[in-house]
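# Remarks on the overall topology
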Amino acid sequence: MSEGGSFKSEYPEMSERMKHTRDFKEKGFKGNSRGNFIQAPFTTLEEMFKKLPESIGFNIEMKYPMLHESEEQEMDTYAVELNSFVDTVLTKVYDLGKARNIIFSSFNPDICLLLSFKQPSIPILFLTDAGTSPVGDIRASSLQEAIRFASRWNLLGVVSAAEPLVISPRLVKVVKESGLVCVSYGSMNNDPDKVKVRYPLRIPFWGGLIRCSCKSRRASTQSSSTAYWQ
């Protein structure tokens, strides 16, 4: 959603200030001010809970920079803020979630850990590039490390970039035999030929309509987990 009007002509001082930001120097534009338009605010999590019917399940993807990313971007130390970020989201989820089906997911291993430590009832999926791009955190460096991490901390499963699963479909079996749900994402999921390679393995694809009925996987709750993606 965009709000009309020339950003440069109506806000010349703001436009000039943007030129001195790190993002503008590297890319030639700053976030939501590309071109002559400024984007409207994002919808909040609270608004989504209140406006959407409870029959619609949520995949809440928690986006937060990993330590090597914050160092590369010269960001401040973030350990305390990370806790605050997770606590704020959990407060909204438990206050407003009610009977809605919810899954958490994140590329950030520390986010997954905090979600696992702080709440026992909502399943967590670990998103991973699976070695398709360089990272500074070994837990996110490969599919093998993602499986090890998700298994150790009792996460529901792994959401992997599609490339390694297309190259070696048997990796799907490796994930499942570790007791984890295996999901894939990426542009390769739009290629019918590459989809056929994995179809016999029944691997679900990320980004479509999610229909899930999930309970905690934790042994302490003595409950099972099932998730269905379409």
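A short tour of the structure in this document, coming up. Because the structure is predicted, anything quoted here is derived from the model rather than measured.

Analysis parameters
- Residues numbered from 1 in each chain as written.
- Predicted model: local features only at pLDDT ≥ 70, side-chain atom pairs only at ≥ 80, totals over all residues.
- Heavy atoms only, no water.
- Helix = DSSP H or I, 4+ residues; strand = E, 2+ residues; numbered from the N terminus.
- Salt bridge = Lys/Arg side-chain N within 4 Å of Asp/Glu carboxyl O.
- Buried < 20%, exposed > 50% of the residue type's maximum accessible area, 1.4 Å probe, protein only.
- Contact = heavy atoms within 4.5 Å.
- Pairing = 2+ DSSP bridges.
- Axes fitted to C-alpha atoms, helices over the stretch in contact; angles between N-to-C directions.

## Topic: unusual backbone geometry
Positive phi outside glycine occurs at Lys 98, with the angle close to 50 degrees. Inspection of the secondary structure assignment puts Lys 98 in the loop between α6 (79-96) and β4 (102-106). Backbone geometry at Ala 130 places phi at a positive 55 degrees, although glycine is not the residue there. Examined against the element boundaries, Ala 130 turns out to sit in the loop between β5 (124-128) and α8 (143-152).

## Comments concerning the pattern of salt bridges
Opposite charge on two side chains permits them to pair, given that their charged atoms come into close proximity. By the definition in use, this model includes eight salt bridges. One salt bridge connects Glu 46 with Lys 92, and the closest N-O pair in it is separated by 2.8 Å. Of this pair, Glu 46 sits in helix α4 (residues 45-51) while Lys 92 sits in helix α6, placing them 46 residues apart in sequence. For Glu 46, a relative accessible area of 26% corresponds to the partly exposed category. Salt bridges linked by common partners bring Glu 46, Lys 50 and Lys 92 together as one network.

## Describing α8
In an α-helix, one full turn covers 3.6 residues, which means residues spaced three or four apart are oriented alike. For α8, the full list of buried residues reads Leu 143, Glu 145, Ala 146, Ile 147, Phe 149 and Ala 150. Turning to α8, the residues buried within the fold contact α7 (109-118), β5, β6 (157-161), α9 (162-167) and α10 (170-177). Directly beyond the C-terminal end of α8, a positive phi value near 60 degrees is found at Asn 154.

## Regarding the pairing of β4
Counting buried residues along β4, five of its five residues qualify, which places the element largely inside the surrounding structure. Residues of β4 alternate between two faces, with Ile 102, Phe 104 and Ser 106 on one and Ile 103 and Ser 105 on the opposite face, all of them buried. Of the pairings in the sheet, the one linking strand β3 (residues 58-61) to β4 comprises four bridges and is parallel in character. Bridging from a neighbouring strand, Ile 60 pairs with Phe 104 of β4. As paired elements, β4 and β5 share three bridges and run parallel to each other. Residue Ser 105 lies in a different strand from β5, and its bridge partner there is Leu 125.

## As for the environment of Ile 102
Of note, Ile 102 is situated in strand β4. Each C-alpha atom of the pair Ile 102 and Ile 56 lies 9.2 Å from the other, and the pair is 46 residues apart in sequence.

## Some points on the sheet that holds strand β7 (residues 181-185)
Strand order in this open sheet of five strands is β3-β4-β5-β6-β7, and the pairing throughout is parallel. Edge positions in the sheet fall to β3 and β7, since each has one partner strand and no second. Strand-to-strand twist across the sheet, computed as the mean angle between neighbouring axes with direction ignored, equals 25 degrees. Those strands touched by α7 are β4 and β5, and its axis lies near 175 degrees from that of β5.

None of the figures reported here should be taken as evidence of function without further support.
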